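Residues per chain, in single letters:
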Amino acid sequence: MRRAIRQLVLPVAAIAFCLVLTIMARDYPLSSRRLPVLIGTITIGLALIQIWLETAKIKAAGKSDSVPSAPDTEGTDAAKRVLHVFLLMPATIILWSVLGYIVGSVLAATWVAVTLDRKHTVNSALVLAGACAVLYVVFHSILGVPLPQGVIGRALMGR
């Protein structure tokens, strides 16, 4: 029963986190509001599906009288890592608004590297940080698309 409750903590936390993000997005202009609301809604939907599946497993385990099998730790670990990366999306939006695109993206990319690729963390983080830099050059310098500066970036630029 304790294991079942632990399985439900992460989806409930994801729902709470995404509800806060969705509420915070109300203050954004309409064009900027769509992405956080979309990501929050998708995350809440997936978390509700996970809660529904976990409660179905709990009910099925309670009805069966057989000896429970060993837990699938490899599959559970992989699912947790993917869920951590998925929850990182709304956190990246917050990082962009505070730290700006470059620093926020590098921090998010480092977290993805640590979460998904535990063997080659430094190499993965460097590749992802390089990808963030290339995206910055392409969008900001070549195409002239303004990227988020964040509170710190605006303070440093004197705006």
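Please refer to the structure placed before this passage.
Just so it is clear, the model here is predicted, and its values are computed rather than measured. (Residues numbered from 1 in each chain as written. Predicted model: local features only at pLDDT ≥ 70, side-chain atom pairs only at ≥ 80, totals over all residues. Heavy atoms only, no water.)

Novice: So what about a nonpolar patch on the surface? Which residues, and what values?
Specialist: A contiguous nonpolar surface patch, about 660 Å² in accessible area, is contributed by V134, L135, V137, V138, F139, I142, L143 and V145. Secondary-structure assignment places L135 in helix α5 (residues 121-142). (Patch = residues over 30% accessible without salt bridge, like charges linked within 9 Å, V, L, I, M, F, W, Y side chains within 5 Å. Areas by Shrake-Rupley, 256 points an atom, 1.4 Å probe, with all protein chains shown as cover. Salt bridge = Lys/Arg side-chain N within 4 Å of Asp/Glu carboxyl O. Helix = DSSP H or I, 4+ residues; strand = E, 2+ residues; numbered from the N terminus.)

Novice: Explain the nonpolar core to me, using residue names and the numbers behind them.
Specialist: Counting nine residues, the largest nonpolar core consists of L8, A14, I15, C18, I44, A47, I51, L83 and L87. Those elements giving two or more residues to this core turn out to be α1 (2-24), α2 (30-63) and α3 (73-99). Ranked by residue count, the leading element in this core is α1, at four residues. When neighbours within four sequence positions are excluded, L8 is seen to be in contact with I51, E54, T55 and I58. (Core = buried A, V, L, I, M, F, W, Y, C linked by side-chain atoms within 4.5 Å. Buried < 20%, exposed > 50% of the residue type's maximum accessible area, 1.4 Å probe, protein only. Contact = heavy atoms within 4.5 Å.)

Novice: Any details on empty space enclosed by the protein? Residues and values, ideally.
Specialist: All chains considered together, the criterion is met by one cavity of 30 Å³ or more. What the largest cavity holds in volume is close to 40 Å³. Together, L21, M24, A25, Y28, P36, P90 and I93 line the largest cavity. Of all elements in the fold, only α1 and α3 reach the threshold of two or more residues within the lining of the largest cavity. Tallied by class, the residues present in the lining of the largest cavity amount to seven nonpolar, no polar and no charged. (1 Å grid on protein atoms, 1.4 Å probe; cavity = no way out; pocket = protein on both sides within 12 Å on 5 of 7 lines; lining within 4 Å. Points joined across faces, edges and corners; volume = space filled by probe spheres on them. Nonpolar A, V, L, I, M, F, W, Y, C, P; charged D, E, K, R; others polar.)

Novice: Pulling in residues and values, what's your account of helix α4 (residues 101-116)?
Specialist: Between its first and last C-alpha, α4 extends 22 Å over 16 residues, near the 22 Å set by a 1.5 Å rise per residue. Within the sequence span of α4, burial applies to Y101, G104, S105, A108, A109, A113 and T115. (Expected span 1.5 Å × (residues − 1).)

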